[in-house]
Structures are given as structure tokens and as C-alpha cells.
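Read off the chains here:
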Amino acid sequence: MAEQGDAEGAVRVGGSYDFTAPAEVVFGVLTDPDRISRWLPRGMNTEAAGRDEVRVRVGAQIYPYGVKVVTDHLELQWHSLDSTGLHGTAQVDDAPAGGSVVRAEVVVPAGLADDRQVRELLAETMVHLQRDVSDNFNAG
């Protein structure tokens, strides 16, 4: 996983994650609003929102995120709709032998969260996504 700071002190946490399913299958699971709660970290759930918005519940708090799906590039972009400035992307690319790779990045503004915690949450998210994709791919 890569980390780097920027001029405003924000930290970029990202990595590449291998999947055994084709890119289109992974992207379908990643962008299916009914499946989001399956791959978010433990303790996070989603609530119904509009087509371009997802609300994530963590305990009693609800955090709204704008979501943009760029189908031509198999890319998901998201950003907080509150004042935190938290945002990120996930892009799915083909890989050898019919698999794929997800390149994910989260940008955390200075002082918002511990870097280690963000790395762990991103890794947990990708493990959950890999499991959900595997369940979906092997079931059909």
C-alpha cells in the first residue's frame, strides 16, 4: 500500500487488490447499491439514498457521500457531502487468466483519522469485497 502526504497535510492511502473474477463482475458488485453493506468494514451499513448518493451509518452517525460511476473506465469515485473532504476512487482493470485488479485510493484530510486505521479499514473493505465477489461469481 502506498502512502503520501500533500501540501495540505492530507494523506493518500491506496493499494492494488487481486480478484479471481473478471473485471466486469467485480465492478458490478462494487457498484451495486444493494451490496455495499456487504463489503464495507464491520460496523458500517448503508441507508437508502438517491442514485448518486450513499449514506453510511456508523453507530448513530450518518455520513452522506456523493457517488459517481464511470462505466467506460470501470471506475467508482466517491466524496463526502459534509465538510470533511474525505474522498476516494476504485478502478477495476483486467488481469491475466481472467482475473482482475482493483486499484483503490482513499484521501484523508489532515487530522481526520489515524493513517494506520485508514489502511486497516481499506484492507478490510477489500477482503470483504473479494469475499462478496467470490460468492457472487461462484454462485452463478
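In what follows, the structure referred to is the one given above.
Now for a description of the structure that goes with this document. Remember, predicted model here, so these are calculated numbers, not experimental data.

1. Details of the nonpolar core
Argument step 1. Counting 31 residues, the largest nonpolar core has V92, V102 and L129 as the members making the most contacts within it.
Argument step 2. Listed by contribution, the elements that provide at least two residues to this core are β2 (11-19), α1 (23-31), α2 (36-39), β4 (53-58), β5 (61-70), β7 (87-94), β8 (100-108) and α3 (115-139).
Argument step 3. Residues within four places of V92 in sequence aside, it is in contact with A23, V26, F27, L30, H73, L74, S100, V101 and V102.

2. Side note on α1
Argument step 1. All buried positions along α1 are accounted for by A23, V26, F27, V29 and L30. Summarising the axial view, the buried residues of α1 lie within an arc of 160°, below the 170-degree limit, and thus occupy one face.

3. Here's the deal with the pattern of salt bridges
In a structure, side chains of opposite charge can pair up when their charged atoms sit close to one another.
Argument step 1. For the structure shown, the criterion picks out eight salt bridges.
Argument step 2. When the shortest N-O distance is used, the salt bridge between E47 and R57 registers 2.6 Å. Here E47, found in strand β3 (residues 44-47), pairs with R57, found in strand β4; they are 10 residues apart in sequence, far enough to count as distant.
Argument step 3. You can call E47 partly exposed: its relative accessible area is 24%.
Argument step 4. In the salt-bridge network here, residues are joined through shared partners; they are R35, R38 and D132.

Parameters and conventions
Residues numbered from 1 in each chain as written. Predicted model: local features only at pLDDT ≥ 70, side-chain atom pairs only at ≥ 80, totals over all residues. Heavy atoms only, no water. Core = buried A, V, L, I, M, F, W, Y, C linked by side-chain atoms within 4.5 Å. Buried < 20%, exposed > 50% of the residue type's maximum accessible area, 1.4 Å probe, protein only. Helix = DSSP H or I, 4+ residues; strand = E, 2+ residues; numbered from the N terminus. Contact = heavy atoms within 4.5 Å. Arc of directions from axis to C-beta. Salt bridge = Lys/Arg side-chain N within 4 Å of Asp/Glu carboxyl O.

All we've got here are geometric facts, nothing functional implied.
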